[in-house]
Amino acid sequence: MREPLPVGLKLAATLRFLATGNSYPSLQFSFRVEASTICKFIPKVCQAIIAVYKDEVLRCPKTEKMWKEVAAKFSSRWNYHNCLGAVDGKHIAMKKPPNAGSKYHNYKGFHSIVLMAVADAGYKFLYVDVGAEGGASDGGTWSNCSLHDAVEDHRAGVPQPEPLPNDDKPVPYHFVGDDSFALRTWMMKPFSHRSQVHRERIYSYRLSRARRVVENAFGILSHRFRCFLTTMQQHPDNINLITMCACVLHNLLLIRYPHAIPEVDREDPDTYDLIPGRWRLDQQLLGLMPLPGHHSAREAKDQRDYLSHYYMSPAGAVPWQERMVSP
């Protein structure tokens, strides 16, 4: 039998694939390894990376203390309080699997799997769910996630409601998302764009400042691992491994090299005007499409109304918000 391929060569080929999205025949000429061999060891290397690093760098908070640490960073960095994380989904483009029908065909017109993620205030993933078919609805994808079930069943360790800064009424800790998600006391989203009064526009702006972190996390992920800017040719199970591996490496790089972040959305330090990141030019990096018809509980609507009043009041306002919504 021939000598086995060196571990370093397998790792280098896998990282090159993640970083460039080059095809296996292209990697074959770069590393002098048959494409048929490359397609076998790349999923194994990804699986090994996940096994070694996932528990260290991609751990979802499970206690009140850990969730409060996440919320404190949103308060200090994005001026949005009692926030447990920003939730969004990303479509990973792929070649249509054999006999898949329309199961993976999404509203954008291509086949994909969905990466559903929760990000903290520093663009790091707190929770990742990979593998939902692109044809599934966004609400169905999120409702099938284990984190959704844990929060619904009060098993996630979410802290008890606490007053916002300079206020005395307890407000539940909650995630923030876009119109794709159903409104709950633990999931806040912007007001409808069809009819917003001034305080609703202020609240939608404040919430969107916090929610942008997950969009930027996807932007960082896709520009570090440019395989996500291509149409993947692998089997869906292998795409799930590759995606999870990239998310683990994304967190690992943020922890070890926190200042090496590609260009993302940022705010002018003097005027607080938004300067969009270059990744927004790529249409594949957009989130899930908002769908109408979500039923919102009365309690959740009341909570959102209260938050809109709070962020308009002297207790919760920031100096630049009026100018941002009414230039």
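Here the structure is a predicted model, which means the values were calculated and not measured.

Draft legend 1. Structural context of the overall build of the protein chain. Check the secondary structure of the protein chain and you find 10 helices and nine strands. Taking all 327 residues of the protein chain together, 48% fall into the buried category. Contacts in the protein chain between residues at least 24 apart in sequence constitute 68% of all its contacts with a sequence separation of at least 6. Of the accessible surface of the protein chain, which amounts to about 15900 Å², a share of 54% is contributed by carbon and sulfur atoms.

Draft legend 2. Quick peek at the environment of Lys40. Relative to the assigned elements, Lys40 resides in helix H3 (residues 35-57). Under the relative-accessibility criterion, Lys40 is labelled exposed at 60%. The spacing of Lys40 and Asn238 is 198 residues in sequence and 9.9 Å in space, taken between C-alpha atoms.

Draft legend 3. The arrangement of the sheet that holds strand E2 (residues 112-119) in detail. The five strands lie next to each other as E3-E2-E1-E6-E7, forming an open sheet whose pairing is mixed. The open sheet has two free edges, formed respectively by strand E3 (125-133) and strand E7 (187-188), since each of these has just one partner strand. Here strand E6 (residues 174-176) pairs with E7 via two bridges, running parallel. Bridge pairing in E7 links Phe175 to Met187. Here helix H4 (residues 64-78) sits on the sheet in contact with strand E1 (83-93), E2, E3 and E6, set at roughly 85° to E1. Those strands touched by helix H8 (residues 236-256) are E1, E2 and E3, and its axis lies near 165° from that of E3.

Draft legend 4. Representation of the confidence of the model for the protein chain in the model. Per-residue pLDDT for the protein chain has a mean of 87; in total, 89% of the residues score no lower than 70. Counted against residues more than four places away or in other chains, residues 283-293, with its pLDDT under 50, gives 38 contacts.

Draft legend 5. Focus on the packing of helix H2 (residues 24-31) against H3. Where H2 meets H3, the axes come as close as 8 Å, and the angle between the chain directions of the two elements is 105°. Taken together, the axis directions place H2 and H3 in an arrangement best described as roughly perpendicular. Here Tyr24, Pro25, Leu27 and Gln28 of H2 lie close against H3, whose contacting residues are Ala35, Ile38, Cys39 and Ile42.

Draft legend 6. Seen up close, the environment of Cys245. Positionally, Cys245 belongs in helix H8. Sequence spacing of Cys245 and Pro43 is 202 residues, and the spatial spacing of their C-alpha atoms is 9.4 Å. In contact with Cys245, not counting residues within four places along its chain, are Leu18, Cys46, Ile49 and Ile50.

Draft legend 7. Representation of the packing of aromatic side chains in the model. Going through the model one piece at a time under the given rule, you end up with 12 aromatic pairs. Taking the centre distance of 5.7 Å and the plane angle of 55° together, the rings of Phe17 and Tyr24 count as tilted. Side by side, Phe17 and Tyr24 carry an identical accessibility label, which is buried. Between the aromatic rings of Phe125 and Phe218, the centroid separation amounts to 6.0 Å while the plane-to-plane angle is 40°, which identifies the pairing as tilted. In this pair, Phe125 is assigned in strand E3 and Phe218 in helix H7 (residues 198-224), connecting sequence segments 93 residues apart. Each member of the aromatic cluster is reached from another via a ring pair, and the members are Trp67, Trp142, Phe175, Phe181 and Trp186. Above the plane of the ring of Tyr306 lies Lys169, whose end atom (NZ or CZ) is 4.3 Å from the centre. In this structure, Arg304 is placed above the aromatic ring of Phe191, and the distance from its NZ or CZ to the ring centre is 4.3 Å.

Draft legend 8. Geometry of the nonpolar core. Ranked by size, the top nonpolar core spans 94 residues in total, and within it Tyr80, Phe125, Val128, Trp142, Leu147 and Phe175 carry the most contacts. In terms of residue count, the dominant contributor to this core is H7 (11 residues). Each residue touching Val128, except ones within four places of it in the same chain, is listed here: Leu58, Leu115, Met116, Ala117, Met244 and Cys247.

What counts, and at which threshold
- Residues numbered from 1 in each chain as written.
- Predicted model: local features only at pLDDT ≥ 70, side-chain atom pairs only at ≥ 80, totals over all residues.
- Heavy atoms only, no water.
- Helix = DSSP H or I, 4+ residues; strand = E, 2+ residues; numbered from the N terminus.
- Buried < 20%, exposed > 50% of the residue type's maximum accessible area, 1.4 Å probe, protein only.
- Contact = heavy atoms within 4.5 Å.
- Areas by Shrake-Rupley, 256 points an atom, 1.4 Å probe, with all protein chains shown as cover.
- Pairing = 2+ DSSP bridges.
- Axes fitted to C-alpha atoms, helices over the stretch in contact; angles between N-to-C directions.
- pLDDT = per-residue confidence, 0-100.
- Parallel < 35°, antiparallel > 145°, perpendicular 65-115°, else oblique.
- Phe/Tyr/Trp six-rings, centres within 6.5 Å; stacked < 30°, edge-to-face > 60°.
- Lys NZ or Arg CZ within 6 Å of the ring centre and 35° of its normal.
- Core = buried A, V, L, I, M, F, W, Y, C linked by side-chain atoms within 4.5 Å.

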